[in-house]
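# Results of the structural survey
Below, each chain spelled out in residue letters.
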Number of protein chains: 2
Amino acid sequence: MKRIMLTVAYDGSAYSGFQEQDNAPTIEGEVNRCLSELLGEEVRVAGGSRTDAGVHALCNVAVFDTETRIPGEKICYALNQRLPEDIRIRESREVHAGFHPRHCESRKTYEYRIVNDRFPIPTKRLYAYFTYVPLDEKRMAEAAAYLIGEHDFKSFCSAGSQVLSTVRTIYDIQVEREGEEIAIRVTGNGFLYNMVRIIAGTLIEAGKGLWEPGHMEEIIAARDRGAAGPTAPACGLMLVKYEFV
Amino acid sequence: MKRIMLTVAYDGSAYSGFQEQDNAPTIEGEVNRCLSELLGEEVRVAGGSRTDAGVHALCNVAVFDTETRIPGEKICYALNQRLPEDIRIRESREVHAGFHPRHCESRKTYEYRIVNDRFPIPTKRLYAYFTYVPLDEKRMAEAAAYLIGEHDFKSFCSAGSQVLSTVRTIYDIQVEREGEEIAIRVTGNGFLYNMVRIIAGTLIEAGKGLWEPGHMEEIIAARDRGAAGPTAPACGLMLVKYEFV
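The rules behind the values
Residues numbered from 1 in each chain as written. Chains lettered and ligands numbered in written order. Predicted model: local features only at pLDDT ≥ 70, side-chain atom pairs only at ≥ 80, totals over all residues. Heavy atoms only, no water. Helix = DSSP H or I, 4+ residues; strand = E, 2+ residues; numbered from the N terminus. Least-squares fit on C-alpha atoms with pLDDT ≥ 70 in both. Contact = heavy atoms within 4.5 Å. Buried < 20%, exposed > 50% of the residue type's maximum accessible area, 1.4 Å probe, protein only. Phe/Tyr/Trp six-rings, centres within 6.5 Å; stacked < 30°, edge-to-face > 60°. Lys NZ or Arg CZ within 6 Å of the ring centre and 35° of its normal.

Further remarks concern the environment of Glu105(B). Among the secondary structure elements, Glu105(B) is positioned in the loop between β4 (87–95) and β5 (106–115). Each C-alpha atom of the pair Glu105(B) and Ile184(B) lies 23 Å from the other, and the pair is 79 residues apart in sequence.

Take a look at the structure:
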């Protein structure tokens, strides 16, 4: 028996999120099905990040145990032959038997992309949120800076979450304009349910000039979901980096 | 009667190219259908660039004549309400009655994108050609430089083209690596059938080291399609700029 870790990239557009569900297409469901066929065993992976419907990833993580004699680092090639084109395994390797991505410390980076132009760009419609309202990325960056550090992010957590603590640490957050696109990149030790999308929705409000960047301090202090901005749409979000520390 | 020019952006993935065809979805067909519904007249646009199936555009051009009293610059808003999400009109404006995009001098810029990494990136699969073979973008740029200027580009024209002359001018061609992606940007006064895709396929051969960059001179001089590389896949290609001079 050995434990294998997969690095999974996907276009989430056609899926009801990462986590397996009955009667809905999911990334995990596709990976389980193709792995089970490939290895001739009933395989069920344990995922790292449970991304929502429509959210994308360059490098989500999944682990599973197997009796196969296929070397760990070869599994990705065989698995990619079976997976649909919108899911690709970028790496597979053996890890120690106790390794579980949800039980060890990690740093994840998410990117939220916005097309901010007079009209949407058709080729970006599934990979960025569109708004024609001019956004001031400098105000967004100023507001974002208040989020860095260890905070209780309860204001940035959707109802329905069952976590014990809403304290998380954001190591870094960058807001950059690249032509007609704005990218928000946020790195942290963990994220609450919808946290990055609520951060994006809140920074978009700051970018529209609805409030002064310093108001972010009050939003954090409120510890109330109603204090923050709306949850920005899923399509703009992508998990871009996942490191274990 | 007035003549209106549209600037059309599209994701070509779902279409059999720009030009209207019976029994196949096309960009032009969708624009004609939605314009005719909107204006209550039978409208048929004349397009600028006849992009192939799967090719994308930020700014293709189409003109049509209409009796409508809707101001030219307002048509884009009403038309976007009817068009599918993968087609967007970025601008509409009145032009003089004799203006036709195919009968006046223009400069077009196409971009060809390549993902050059160990594995494909799922969110880029419809917008870039993928190859895991390492490409040397400096060799590609060196080979590309021979294409600049006025040349007979017969080696870069697919069979079946009925043009009178295969002489064209390339004003500029750039090859740049941005992380795991390579972008080829080529600006010219006109392009032969499949010309940019054959240029891309030929530069990919140079990037793989199959021949020395100086061999590009012989490929041009051959005036023979067999001398150049393969036609690179359509999905990597996008019309990014279209200017009238």
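From this point, the discussion proceeds with the structure in view.
Mapping chain A onto chain B is achieved by rotating through 180° and translating by 0.0 Å along the same axis, at an RMSD of 0.0 Å. Both chain copies can therefore be described as sitting about a two-fold axis. With an isologous cut-off of 70% or more, the 96% of interface residues of chain A that recur at the interface of chain B puts this contact in the isologous class.

All names here are of chain B. Unlike most non-glycine residues, asparagine 194 shows phi in positive territory, near 65°. Locating asparagine 194 in the fold gives a position in the loop between β9 (181–188) and α4 (195–207). The exposure class assigned to asparagine 194 is buried, which follows from its relative accessible area of 13%. You will see that arginine 223, though not glycine, has its phi angle at about 50°, which is positive. You can see arginine 223 is positioned in the loop between α5 (216–222) and β10 (237–244).

Residue and element names in this part refer to chain A. Here valine 167 lies in strand β8 (residues 167–178). Here the alpha-carbon distance between valine 167 and glycine 190, two residues 23 residues apart in the chain, equals 9.3 Å. Setting aside its immediate chain neighbours within four residues, valine 167 contacts Glu150, His151 and Asp152.

For the structure on display, the rule yields 13 aromatic pairs over all chains. Taking 6.1 Å as the distance between ring centres and 65° as the angle between the ring planes, the aromatic pair formed by Phe153(A) and Phe156(A) counts as edge-to-face. The buried category is assigned to Phe156(A), whose relative accessible area is 0%. Note on Tyr10(B) and Phe18(B): the rings are 6.0 Å apart at their centroids and 35° apart in plane angle, and the pair reads as tilted. The pair Tyr10(B) / Phe18(B) is uniform in exposure class, with both members buried. Taken together, the aromatic side chains of Phe99(A), Tyr242(A) and Phe244(A) make up a single cluster linked through ring pairs. Geometry around Tyr171(A) places Arg107(A) over its ring, the cationic atom sitting 4.3 Å from the centre.

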